[in-house]
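# Results of the structural survey
Residues per chain, in single letters:
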Amino acid sequence: KAAIKIYRRHHAVALKTGVRFLSGAKAMLIFLKRSGYRLAVASNRPTKFTFFILKILGVRAYFDMVLCADKAERPKPHPDMLIEIMRALKVRKEETLYVGDMTIDVFTGRGAGVRTVAVATGSSTPAQLKRLKPWRVIDKMSRLKTVIN
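None of these values were measured; they are calculated from a predicted model.

Another aspect to go through is the overall build of the protein. When helices and strands are counted, the protein shows seven helices and five strands. Ordered by position in the sequence, the α and β elements of the protein form the string α-α-β-α-β-α-β-α-β-α-β-α. For the protein, whose C-alpha radius of gyration is 15 Å, the value lies close to the compact-globule estimate of 15 Å for 149 residues. With respect to the three principal axes, the spread of C-alpha positions in the protein is 45 × 35 × 30 Å. Burial analysis of the protein (149 residues in total) assigns 38% to the buried set. A separation threshold of at least 6 residues defines the contact pool for the protein, and within that pool the share at least 24 residues apart is 51%. With the model as given, the accessible surface of the protein reaches about 9,200 Å², and the carbon-plus-sulfur share is 56%.

Next up, the structure:
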């Protein structure tokens, strides 16, 4: 508990200076929203930090729903957050595309029974992601257009 308290205190400070978009991510958000896609965030971060990040990046309005582990029964890799988001947004599994950048995201998407795109920009290597056989693996966010069209 003491370590988590220290981490979260540091995290709050680090977020103020260290948060920025991955290359192509903001343009992709704009494209998806303008194209009529419903967007959501499913994060294992606490809600407080997730909303802070969205505020710093100026993109909260792009998302129809934000659900974090502290508001879900079980965090990722359990599929609970994705299932709750699909229920709340009234979308079926077949209509859902889950995008993440770590192996935990591939497990989460698989557990929820949705197509999952792994973007090899996070802490998981492309090889680790490919080994788990998500629906697609891409090397940067801008390539997401090629898998949704």
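We now examine the side chain of Thr108. Structurally, the position occupied by Thr108 is in helix 5 (residues 103–112). Assessed through its relative accessible area of 1%, Thr108 is described here as buried. Separated by 3.4 Å, the side chain of Thr108 and the backbone oxygen of Pro77 make a polar contact. Look past the residues within four positions of Thr108 in its chain and what remains in contact with it is Lys76, Pro77, His78, Pro79, Leu82 and Tyr98.

All right, on to the sheet that holds strand 3 (residues 97–100) then. What the three strands build is an open sheet, ordered 3-4-5; its pairing is parallel. A strand with exactly one partner marks an edge of an open sheet, and here the two such strands are strand 3 and strand 5 (136–138). The mean angle between the axes of side-by-side strands here comes to 20 degrees, regardless of whether they run parallel or antiparallel. Two strands pair when backbone bridges link them, and strand 4 (residues 115–119) and strand 5 are joined in this way by three bridges, in the parallel orientation. Residue pairing for strand 5: Val117 is matched across the bridge by Arg136.

Attention now moves to the pattern of salt bridges. Within the structure shown, the criterion is met by seven salt bridges. Residues joined by salt bridges that share partners form a network here, namely Arg92, Glu94 and Glu95.

Our next topic: the pairing of strand 4. Side chains on a regular strand alternate between the two faces of the sheet. For strand 4, a buried count of four out of five residues is recorded, marking the element as mostly surrounded by other parts of the structure. Pairing geometry for strand 3 and strand 4, over four bridges, is parallel. By the bridge assignment for strand 4, Leu97 is matched with Arg115. At this point the chain moves from strand 4, through helix 6 (residues 126–131), to the parallel strand 5, and the crossover so formed is right-handed.

Conventions adopted
- Residues numbered from 1 in each chain as written.
- Predicted model: local features only at pLDDT ≥ 70, side-chain atom pairs only at ≥ 80, totals over all residues.
- Heavy atoms only, no water.
- Helix = DSSP H or I, 4+ residues; strand = E, 2+ residues; numbered from the N terminus.
- Rg over C-alpha atoms; globule rule 2.2 N^0.38 Å.
- Buried < 20%, exposed > 50% of the residue type's maximum accessible area, 1.4 Å probe, protein only.
- Contact = heavy atoms within 4.5 Å.
- Areas by Shrake-Rupley, 256 points an atom, 1.4 Å probe, with all protein chains shown as cover.
- Polar contact = N/O pair within 3.5 Å; in protein donor to acceptor, adjacent residues only side chain to side chain.
- Pairing = 2+ DSSP bridges.
- Axes fitted to C-alpha atoms, helices over the stretch in contact; angles between N-to-C directions.
- Salt bridge = Lys/Arg side-chain N within 4 Å of Asp/Glu carboxyl O.
- Right-handed = clockwise from strand over helix to strand, strands pointing away.

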